[in-house]
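The chain contents come next:
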Amino acid sequence: MKTLTALKKVVLLTLIVVLGFSCSDDDNPTQFKVQSNIVELALASPDLSSLVAALQRANLVDALNGDGQLTVFAPTNAAFDKFLSDNGFASLDDVPEDVLSQVLLNHVIEGDLKSSSLSTGYGKTLATEASSSNNLSIYINTEAGVNLNGVSDVITADIDASNGVVHIVDGVIGLPTVVDFALADNNTFSILVQALTRGDLTFDYVTTLSTPSGTAPAPFTVFAPTNDAFVSLLGELGASSLGDIDEPTLKATLDLHAVAGANVLAAGLSDDMMVGTLGGDITADVTGGARLTDSNGRVSSIIVTDVQAANGVIHVIDKVVLPKLPENLVSKAYNTPNLSILYDAVQAAGLVDALSGEDPLTVLAPTNEAFAAFLADNNFGSLGDIPTDVLAQVLLNHVIDGSVMSTDLTTAGAGYASTMATGAGGNDMSIYFDTSSGVTFNGISTVSAADVEATNGVVHIVDKVIGLPTVVDHALANSSFGSLVAALGAADGDLVNVLSGAGPFTVLAPDNDAFTAFLDGAALADVPTDALSNILLNHVLDGVTMSTDLVAGVAGYTTTSATGPGMSNLSLYYNTSDGVRFNGVSSVARADVVASNGIIHAVDAVIGIPTVVTFAAADPNFSTLVTALTTLTPDTDFVSVLSRTEGMNGDGINPNFTVFAPTNAAFDALASIPEESVLTQVLLHHVIGDNNVRSGNLNVDGDTVAASLQGDNITVTLPGTGDNIADITDGAGNADIGIVDVDVQAGNGVIHVVNKVLLPSN
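Residues numbered from 1 in each chain as written. Predicted model: local features only at pLDDT ≥ 70, side-chain atom pairs only at ≥ 80, totals over all residues. Heavy atoms only, no water.

(A) A look at the packing of aromatic side chains. Enumeration over the complete set of coordinates arrives at seven aromatic pairs. Measuring from ring centre to ring centre gives 5.0 Å for Tyr416 and Tyr432, while their planes differ by 50°; the resulting arrangement is tilted. With a gap of 16 residues between them, Tyr416 in strand 17 (residues 414-422) and Tyr432 in strand 18 (residues 428-434) connect regions that are remote in the sequence. Of the two residues, Tyr416 and Tyr432, neither departs from the other in class, the shared state being buried. (Phe/Tyr/Trp six-rings, centres within 6.5 Å; stacked < 30°, edge-to-face > 60°. Helix = DSSP H or I, 4+ residues; strand = E, 2+ residues; numbered from the N terminus. Buried < 20%, exposed > 50% of the residue type's maximum accessible area, 1.4 Å probe, protein only.)

(B) How the structure looks around helix 3 (residues 49-57). Those residues of helix 3 lying buried are Ser50, Leu51, Val52, Ala54 and Leu55. The positive-phi residue at the C-terminal boundary of helix 3 is Asn59, with phi of around 60°.

(C) The arrangement of the sheet that holds strand 7 (residues 164-169) in detail. Taking strand neighbours across the sheet as the criterion, the seven strands line up as 2-1-7-6-5-4-3 in an open arrangement whose pairing is mixed. Two strands in the sheet have a free side with no partner beyond their single neighbour: strand 2 (108-110) and strand 3 (121-128). In terms of strand pairing, strand 4 (residues 135-141) meets strand 5 (residues 147-148) through two bridges, oriented antiparallel. Within strand 5, the position partnered with Ile140 by the bridge is Leu148. In the packing of helix 6 (residues 97-105) onto the sheet, the strands contacted are strand 2 and strand 3, and the crossing angle to strand 3 comes to about 150°. (Pairing = 2+ DSSP bridges. Contact = heavy atoms within 4.5 Å. Axes fitted to C-alpha atoms, helices over the stretch in contact; angles between N-to-C directions.)

(D) Geometry of the environment of Leu698. Tracing the backbone through its elements, the reader meets Leu698 in the loop between strand 30 (687-688) and strand 31 (703-707). The buried category is assigned to Leu698, whose relative accessible area is 14%. Spatially, the C-alpha atoms of Leu698 and Ala449 are 67 Å apart, while their sequence positions differ by 249 residues. Those residues in contact with Leu698, other than ones at most four positions away along the chain, are Val693, Thr704, Val716 and Leu718.

(E) Main features of the nonpolar core. By size, the foremost hydrophobic cluster in this structure holds 35 residues, and its most contacted members are Val178, Leu192, Leu209, Phe230, Leu254 and Ile314. At the level of elements, helix 7 (178-184), helix 8 (186-196), helix 9 (205-209), strand 8 (220-225), helix 10 (227-237), helix 11 (247-255), strand 13 (299-309) and strand 14 (312-317) are the ones that each hand at least two residues to this core. Ranked by the residues each element gives to this core, the list is headed by helix 8, at six residues. Not counting residues up to four positions away in its chain, the partners in contact with Leu209 are Thr177, Val178, Val179, Phe220, Ala258 and Asn311. Membership of the second largest hydrophobic core comes to 34 residues, among which are Leu339, Ala365, Met429 and Ala454. (Core = buried A, V, L, I, M, F, W, Y, C linked by side-chain atoms within 4.5 Å.)

(F) How the structure looks around helix 13 (residues 340-348). What helix 13 keeps buried is the set Leu342, Tyr343, Ala345 and Val346. Down the axis of helix 13, the smallest arc covering the buried residues is 160°, so these residues share one side. Looking one or two places after helix 13, you find Gly350, whose phi comes out positive at around 70°. (Arc of directions from axis to C-beta.)

(G) Layout of the environment of Asn186. Inspection of the secondary structure assignment puts Asn186 in helix 8. Judged by its relative accessible area of 47%, Asn186 falls in the partly exposed class. Each C-alpha atom of the pair Asn186 and Gly150 lies 8.9 Å from the other, and the pair is 36 residues apart in sequence.

(H) Focus on unusual backbone geometry. Of the consecutive residues Gly503 and Pro504, the connecting peptide bond is found in the cis state with omega at 5°. Locating Pro504 in the fold gives a position in the loop between helix 19 (495-498) and strand 22 (505-510). That bond from Leu718 to Pro719 is cis: its omega, -10°, falls within 30 degrees of zero. Tracing the backbone shows Pro719 in the loop between strand 32 (713-717) and strand 33 (726-729). The residue Asp494 is not glycine, and still its phi comes out positive at about 50°. Its place among the elements puts Asp494 in the loop between helix 18 (482-490) and helix 19.

(I) Layout of the environment of Phe220. With respect to the helices and strands, the residue Phe220 is situated in strand 8. On the accessibility criterion, Phe220 (1% relative accessible area) is buried. Ignoring sequence-local partners within four residues, the contact set of Phe220 consists of Thr208, Leu209, Thr211, Val259, Ala260, Ala262, Asn263, Asn311, Gly312 and Val313.

This is the structure we're talking about:
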């Protein structure tokens, strides 16, 4: 009766104010209209009389008469009739006052929210959860009108009041359970609802999770997976639908998503917090984003927090939490205490999915001690200090495609495999294994526990982190390159540091036997260090050259880092007609060892500094020229003469030489090859002594004249005609000779390839 009296006073006061302004019309023509507040609007609407009566009984009139702006979803009389009937109440008087108060407050949101301001999602009402006094959530769906908690539709929107806005609704919005929210948010939780209600389940989740607050086992904390999370789970398990998951597994899975007897908000979670669910413990962490980790090491991120129901709270997660499954590579790391840093690293690098697939992998798993040493050696305070892309590559350098058991390695003895890290040129990184004393990788990491099998591969626990190897690291790891390593250290030019740089390099790496043959009984120390440096650099190419690149080229010339006359880089001839061979003296024994800064091809002979004779002998395009220089001119030792590297010779024929080398086709074009005395003069007419004339030394757009060893001049004209790079006029005046390739640089001169034999004047 007191509340009714108060309502009457409100109405009376309103009438007095209105009449007062009306009486002053004669004095002031301006008309004033007082806007009704929320309660007054309800009083004025016959279809909201039940709401008015409910507000009176729950003593909420004053709460809705205040100055603060409110949004009220006002149920019609018909809505209240249905509410009473559905809940077994004969009248409003039968509804406990505290319950009625909370139900009414569940229709009130702070602020003035017009329908245009509403969007699909969760809001907060003035109702509260009993155990925590947290405000209840309300699910608003605006896809087709405005629906609230899946049970009540707005039928008249945006009735303005002086202290807010009223939306008339066709259903009373009861106090929601965690189940009600799952049912209401169909776009997010429809598959979860299907799972909870599957007919063969031996536990009634819907009934249990609908237990009202104040009755055990309520309240609940529910971690609710989205539809996308369930779709991902089906793919992960290789299932096409929920029906493919057996009942024990489904029940064990659902149990892990609910905590009984606790309403835990997101603020109540902490790092390394053990959360006791109906199905056992899972781990919560909050640093870097709230998340859950199950016993398999799988991580679920909490993407929406604190959806508060009357009997508990929901946190929305993006991955289904699973019970203990047969361990894959990731869960094996998670469940092995001494691999906990590896597990953290895999998470930080975003590699969980990559290591959780169905295809078998081999993981070399560094221990916690190994990671601690790696961090210290590289001046990192923690995993977080390592750039994510670098960390990912280091970890992938421990992963080999396929299941490689320790017996596979010991049977092979030693050799190379490919990891999933990306090396030079985008190629898979190589890793060297040696089983001569245990099983070691890249010469630095030893297996301490082998053949730990997982569902998708095998783990070998190792005692060192295997960093991203350079070409030098690969040489150091493989004892077959011990002589090469010693030579790199002894030579001028700090070659170890040079070849540890960014590169990329392609290194033709002579093995120990190759060095033994090269030294021919001498000691490495007997080789001058400057000469040794140039010899080693003659095995180094700039850039990435895979064996496939060489094979695709069939045969040809490239350039090394060694230098010859005028500091010009030396050429290198390769031919793949029978394996891969360089300068006609060294064959590839093991190709494509990929490092982070280059490629190694192991070769069976040291590639000395080439002379012009070396290239002529190596390149089959010059086989007729070689025959002319040797078999057809026995009285002149052209090979010795053109192999000279020192000047001051008694015959006055001194390097460096510029050789115009006729191809086989050029010799074939002759009517016949001259007899020896004439042929000797012809051959000498192709050589300029004491001068390394490269194409860049020629006069541009003009003639360059030089005397040959035979005595006649040779005239080179730029530019050439047709396909010729340059034209040549020989001593006999023939001007139809073309240079077709230039600058094959040897240590004692340079070769230019010509398409016709040059003839002297006589």
